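Working through the structure, step by step
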Amino acid sequence: MLVSTRGRYAIRVMIDLAEHRHGKFIPMKEIADRQEVSLKYMTKIMQALTKSGLLDGQHGKGGGYKLNREPADYRVGDILRLTEGTLAPVACLDVTDCRCDRAAECRTRPMWNELDRIINEYLDGITIADLMEEDAADNYII
């Protein structure tokens, strides 16, 4: 599993919104500037996060983006599954794209299933609130 810049930036954006939340919408340009992400790329990320219901977005004057729940209610695993599509460590575990004729008798599949379970369990155990903590940088790398 290799997490793309889209997934990494989405997590950074969510942390940024959590750290700067004050009840108002935050303009995308402010977030992009703080996170050093191009507006064009940021637009794609924000559309995905808003469409999925993770963020509220508002157009026009006074518009921007804001969290619609508490930081502790956002799991990193959910954000990565949204941006990456899957967290599966091997293609044959991706249920939408599994074309392996050997899946039924594969001797390594149980190992990959267990790794997939561990990855998902680990990432679902981390919230945006966890990453906001001062010592989070010592425990998690994004």
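Calculation criteria
Residues numbered from 1 in each chain as written. Predicted model: local features only at pLDDT ≥ 70, side-chain atom pairs only at ≥ 80, totals over all residues. Heavy atoms only, no water. Axes fitted to C-alpha atoms, helices over the stretch in contact; angles between N-to-C directions. Helix = DSSP H or I, 4+ residues; strand = E, 2+ residues; numbered from the N terminus. Parallel < 35°, antiparallel > 145°, perpendicular 65-115°, else oblique. Left-handed = near helix turned anticlockwise from the far one by under 90°. Contact = heavy atoms within 4.5 Å. Nonpolar A, V, L, I, M, F, W, Y, C, P; charged D, E, K, R; others polar. Buried < 20%, exposed > 50% of the residue type's maximum accessible area, 1.4 Å probe, protein only. Core = buried A, V, L, I, M, F, W, Y, C linked by side-chain atoms within 4.5 Å. Pairing = 2+ DSSP bridges.

Digging into the packing of helix α2 (residues 28–35) against helix α3 (residues 39–51)
How two helices sit against one another is set out by the angle between their axes and by the gap between those axes. At a closest axis distance of 10 Å, the pairing of α2 and α3 adopts a crossing angle of 115 degrees. Overall, the two elements α2 and α3 adopt an arrangement that is roughly perpendicular. Like other packed secondary-structure pairs, α2 and α3 cross with a definite hand, here right-handed. Facing α2, whose interface residues are M28, K29, I31 and A32, α3 presents L39, M42, T43 and M46. Of the residues belonging to the contact of α2 with α3, the class tally is six nonpolar, one polar and one charged.

What to know about unusual backbone geometry
Positive phi, normally seen in glycine, also occurs at E36, with a value near 55 degrees. Mapped onto the elements of the fold, E36 is located in the loop between α2 and α3.

Quick look at the side chain of Q35
The topology assignment puts Q35 in helix α2. Residue classification places Q35 among the buried residues on the basis of a relative accessible area of 15%. Residues contacting Q35, with those up to four places away along its chain left out, are R12 and D16.

Considerations on the nonpolar core
In terms of nonpolar packing, the biggest core is built from 31 residues, with M14, L17, M46, L49 and I79 touching the most fellow members. Counting only elements with at least two residues in this core, the list comes to α1 (5–19), α2, α3, β2 (64–67), α4 (76–84), α5 (109–124) and α6 (128–132). Excluding anything up to four places from it in sequence, L17 contacts I26, I31, M46, L55, Y65, K66 and L67.

Looking at the pairing of β2
In this structure, strand β1 (residues 55–58) lies alongside β2, joined through four bridges in antiparallel fashion. Its bridge partner lying in β2, L55 is registered against L67. From the end of β1 to the start of β2, which pair antiparallel, there are five residues, and G60 there has a positive phi angle of about 90 degrees.

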